[in-house]
Amino acid sequence: EFGLKFRLADFGQNTRSATSRAEAAAYVELVVGDGIDTKSIYGVGIDTSITMAPIRALVSALNKL
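Residues numbered from 1 in each chain as written. Predicted model: local features only at pLDDT ≥ 70, side-chain atom pairs only at ≥ 80, totals over all residues. Heavy atoms only, no water.

A. Local environment of the overall build of the protein. The number of helices and strands found in the protein is one helix and three strands. Along its sequence from the N terminus, the protein presents helices and strands in the succession β-β-β-α. Seen along its three principal axes, the alpha-carbon backbone of the protein occupies a region of about 45 × 25 × 15 Å. Residues classed as buried in the protein amount to 26% of the 65 residues present. In the protein, once contacts between residues fewer than 6 apart in sequence are set aside, the share between residues at least 24 apart is 31%. On the protein, roughly 4,800 Å² of surface is accessible, and the fraction owed to carbon and sulfur atoms is 53%. (Helix = DSSP H or I, 4+ residues; strand = E, 2+ residues; numbered from the N terminus. Buried < 20%, exposed > 50% of the residue type's maximum accessible area, 1.4 Å probe, protein only. Contact = heavy atoms within 4.5 Å. Areas by Shrake-Rupley, 256 points an atom, 1.4 Å probe, with all protein chains shown as cover.)

What follows is the structure in structure tokens.
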């Protein structure tokens, strides 16, 4: 619908604490373009949910397009 084209080049996730209120930090690298116009865009997401942190990281990177 938005015409976005990207490739997930890298993904990482860590916890920020060992308590019951631990937060997950997720990191993504998106590659956009092809050939000479290729560039990397990075995003970071933090959430108490290990499912939501990567989604937030993806949205963070997409907001930079």
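B. Seen up close, the sheet that holds strand β2 (residues 24-32). Read across the open sheet, the three strands follow the order β1-β2-β3; overall the sheet is antiparallel. Each having just a single partner strand, β1 (6-15) and β3 (39-47) make up the two edges of the open sheet. Going across the sheet, the axis of each strand differs from the next one's by a mean of 15°, ignoring polarity. Its contacts with the sheet put helix α1 (residues 52-62) on β1, β2 and β3, and the angle it makes with β3 is roughly 140°. (Pairing = 2+ DSSP bridges. Axes fitted to C-alpha atoms, helices over the stretch in contact; angles between N-to-C directions.)

C. The pattern of salt bridges, seen in detail. In this structure the tally under the stated criterion is two salt bridges. Two residues, Glu23 and Arg16, come together in a salt bridge whose shortest N-O distance is 3.4 Å. Using a relative accessible area of 29% as the deciding quantity, one classes Glu23 as partly exposed. On the accessibility criterion, Arg16 (51% relative accessible area) is exposed. Across the salt bridge formed by Arg56 and Asp47, the nearest N and O atoms sit 2.7 Å from each other. (Salt bridge = Lys/Arg side-chain N within 4 Å of Asp/Glu carboxyl O.)

D. Geometry of the nonpolar core. One finds Ala24, Ala26, Val28, Leu30, Val32, Ile41, Ala53, Ala57 and Ala61 forming the largest nonpolar core, which totals nine residues. For this core, the leading source of residues is β2, giving five residues. (Core = buried A, V, L, I, M, F, W, Y, C linked by side-chain atoms within 4.5 Å.)

E. Layout of α1. Turning to α1, its buried residues are Ala53, Pro54, Ala57 and Ala61. Viewed along the axis of α1, the buried residues span an arc of 95°, placing them on a single side of the element. (Arc of directions from axis to C-beta.)

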